[in-house]
Amino acid sequence: ILLAFRSPNYRRLFIAFMLFSGIAGINGVFEIYMNTWFWEFKSSDLRWFGLVLVGALLAFALVPMLQRRFEKHTILVGTLGLSLVLGMLKVTLRFLDVWPDNGDPMLLVAFVIHASVVVALLTMAGIMFSSMIADLVDEQDLRMNRRQEGVFTSAIGFASKSVSSIGLIVGGLLLDLVIMFPRGAGPGEVEADTLCRLAVIDGLAIPSLYVVPIYLLTRYSLTRLQLEDIQADLERRV
């Protein structure tokens, strides 16, 4: 692991992914509260969000076209940045009274479309992330004369799961101590001020933290041309 961390690009990717996992863990706590109490969706409404799989399929179709025109880290930063903006936009449009009222069928339609686009972006980000890890293995092989596929993937996987669990704990503490969400309250029984705090923290404050890992990813320096040179050197060495 220490040898893997000698790669500056891997360090950036590692830290960025850990931060994303922690923030995602916090958001995971709030999702059910937002859907049930803030947006007032019924359980029968939530089944329609299964259609977001269309967004994932679209991502697989778009990735080859994007890779022919842009660097992998550029695509990763772009997709994560757009998903951040769309995430914050959802609550912002409610505060600006743009979305249809709660209970309006068009709100559900708009949210399914919104979620499909976000899933497409995050799926593309996941594909780019995995591909970048594979590239860094080649870079590490040339620099250190040692391939570390297992270490590169397992270290990030273990760390991200651990940090995601911490995010769940932090989300619970925010829910109890900052938002002060009442226990046992049903839909329509929570005060407007409490729902406003929930929306601001979940839809604006927490997503704004994604700026830090996105910035780290902009510092990623391995380009397509450099990778081609690395792979050519590896072939000559074999």
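Below, the structure is looked at part by part. Source: prediction; values computed, not measured. (Residues numbered from 1 in each chain as written. Predicted model: local features only at pLDDT ≥ 70, side-chain atom pairs only at ≥ 80, totals over all residues. Heavy atoms only, no water.)

1. Concerning the overall build of the protein chain
For clarity, the cut-off: In this description a helix means any DSSP run of H or I spanning at least four residues, a strand means any run of E spanning at least two, and both kinds are numbered starting from the N terminus. Burial status follows relative accessibility: with a 1.4 Å probe on protein chains alone, a residue under 20% of its type maximum counts as buried, one over 50% as exposed, and anything between as partly exposed. Pairs of residues are marked as contacts when any of their non-hydrogen atoms sit within 4.5 Å. To measure how exposed things are, a 1.4 Å probe is used in the Shrake-Rupley method; for residues, cover is taken only from the protein chains shown. We score Asp and Glu as negative and Lys and Arg as positive, and we do not count His or the chain ends. Taken as the charge centre is NZ of Lys, CZ of Arg, CG of Asp or CD of Glu, depending on the residue.
Helix and strand content of the protein chain: nine helices and zero strands. When the helices and strands of the protein chain are placed in sequence order, the string is α-α-α-α-α-α-α-α-α. Its C-alpha atoms give the protein chain principal-axis dimensions of about 70 × 35 × 25 Å. Out of the 238 residues in the protein chain, the part that is buried amounts to 42%. For the protein chain, the proportion of contacts with a sequence separation of at least 24, taken over those separated by at least 6, is 80%. Counting every atom, the protein chain has about 12,900 Å² of accessible surface; 66% of that belongs to carbon and sulfur. Of note, the protein chain has its 20 positive side-chain charges centred 8 Å away from the centre of its 21 negative side-chain charges.

2. Here's the deal with the environment of Tyr-210
Mapping Tyr-210 onto the fold places it in the loop between helix H7 (192–208) and helix H8 (211–218). Since its relative accessible area comes to 13%, Tyr-210 is described here as buried. In the structure, Tyr-210 is positioned 187 residues away from Ile-23 in sequence and 7.5 Å away in space, judged by C-alpha atoms. Residues contacting Tyr-210, with those up to four places away along its chain left out, are Phe-20, Ile-23, Ala-24, Asn-27 and Leu-84.

3. What about the packing of helix H5 (residues 105–144) against helix H9 (residues 224–237)?
For the record, the criterion: Axis lines are fitted to C-alpha atoms, over the contacting stretch for helices. Their N-to-C directions set the angle, which ranges from 0 to 180 degrees. With respect to orientation, any angle under 35 degrees is reported as roughly parallel, any angle over 145 as roughly antiparallel, any angle of 65 to 115 as roughly perpendicular, and every other angle as oblique. Each crossing is labelled by how the near helix is turned from the far one, with a counterclockwise turn of less than a right angle marking it left-handed and a clockwise turn marking it right-handed. Amino acids are sorted into nonpolar (Ala, Val, Leu, Ile, Met, Phe, Trp, Tyr, Cys and Pro), charged (Asp, Glu, Lys and Arg) and polar (every other residue, Gly among them).
Running from amino to carboxyl end, H5 crosses H9 at an angle of 50°, the nearest separation of the two axes being 9 Å. Put simply, H5 runs oblique to H9. Between H5 and H9 lies a crossing of left-handed hand. Residue-level inspection shows Asp-135, Asp-138, Glu-139, Asp-141 and Leu-142 of H5 in contact with H9, the latter providing Leu-227, Ile-230, Gln-231, Asp-233, Leu-234 and Arg-237. Each residue belonging to the contact of H5 with H9 can be placed in one class, and the counts come to four nonpolar, one polar and six charged.

4. Digging into the packing of helix H1 (residues 8–38) against helix H4 (residues 72–95)
For the pair H1 and H4, interaxial distance at closest approach is 14 Å and the crossing angle is 25°. As summarised for this structure, H1 and H4 are arranged roughly parallel, according to the angle between their axes. Along this stretch, H1 crosses H4, giving a crossing that reads as left-handed. Along its contact with H1, which presents Leu-13, Phe-20, Met-34 and Phe-38, the element H4 presents Leu-76, Leu-80, Val-91, Arg-94 and Phe-95. Counted by class, the contact of H1 with H4 contains eight nonpolar, no polar and one charged residues.

5. Side note on the packing of aromatic side chains
Formally: Any pair of Phe, Tyr and Trp rings, taking the six-membered ring for Trp, is counted once the centres come within 6.5 Å. Such a pair is stacked with planes under 30 degrees apart, edge-to-face with planes over 60 apart, and tilted for the rest.
For the structure on display, the rule yields 14 aromatic pairs. Note on Tyr-10 and Phe-14: the rings are 6.1 Å apart at their centroids and 40° apart in plane angle, and the pair reads as tilted. Of the two residues, Tyr-10 and Phe-14 both sit in helix H1, four residues apart, roughly one turn of that helix. When its relative accessible area of 0% is taken as the criterion, Tyr-10 is described as buried. Aromatic side chains Tyr-33 and Phe-181 sit 5.0 Å apart centroid to centroid with 75° between the ring planes, which places their arrangement in the edge-to-face category. With Tyr-33 in helix H1 and Phe-181 in the loop between helix H6 (149–178) and H7, this pair connects stretches of sequence that are 148 residues apart. Overall, the relative accessible area of 8% leaves Phe-181 in the buried class.

6. Here's the deal with unusual backbone geometry
Its identity as a non-glycine residue notwithstanding, Glu-40 has a phi of 60°, on the positive side. Inspection of the secondary structure puts Glu-40 in the loop between H1 and helix H2 (43–46). The phi dihedral of Met-180 is positive, around 55°, even though this residue is not glycine. Mapped onto the elements, Met-180 comes out in the loop between H6 and H7.

7. Here we look at H9
This is how it is decided: By this rule, a helix spans an expected 1.5 Å times one less than how many residues it contains. In this context, the arc is that of the directions from the helix axis out to the C-beta atoms.
With 14 residues, H9 should cover 20 Å at 1.5 Å per step; its first-to-last C-alpha distance of 20 Å lies within 8% of that length. Here H9 has its buried residues at Leu-227, Ile-230 and Leu-234. For H9, the angular spread of buried residues about the axis comes to 60°, placing them on one side. Exposed residues on H9 whose side chains face more than 90 degrees from its buried face are Leu-225, Asp-229, Glu-235 and Arg-236. Of the surrounding elements, those touching the buried residues of H9 are H5.

It is worth stressing that arrangement in space is one thing and function is another; only the former is reported here.
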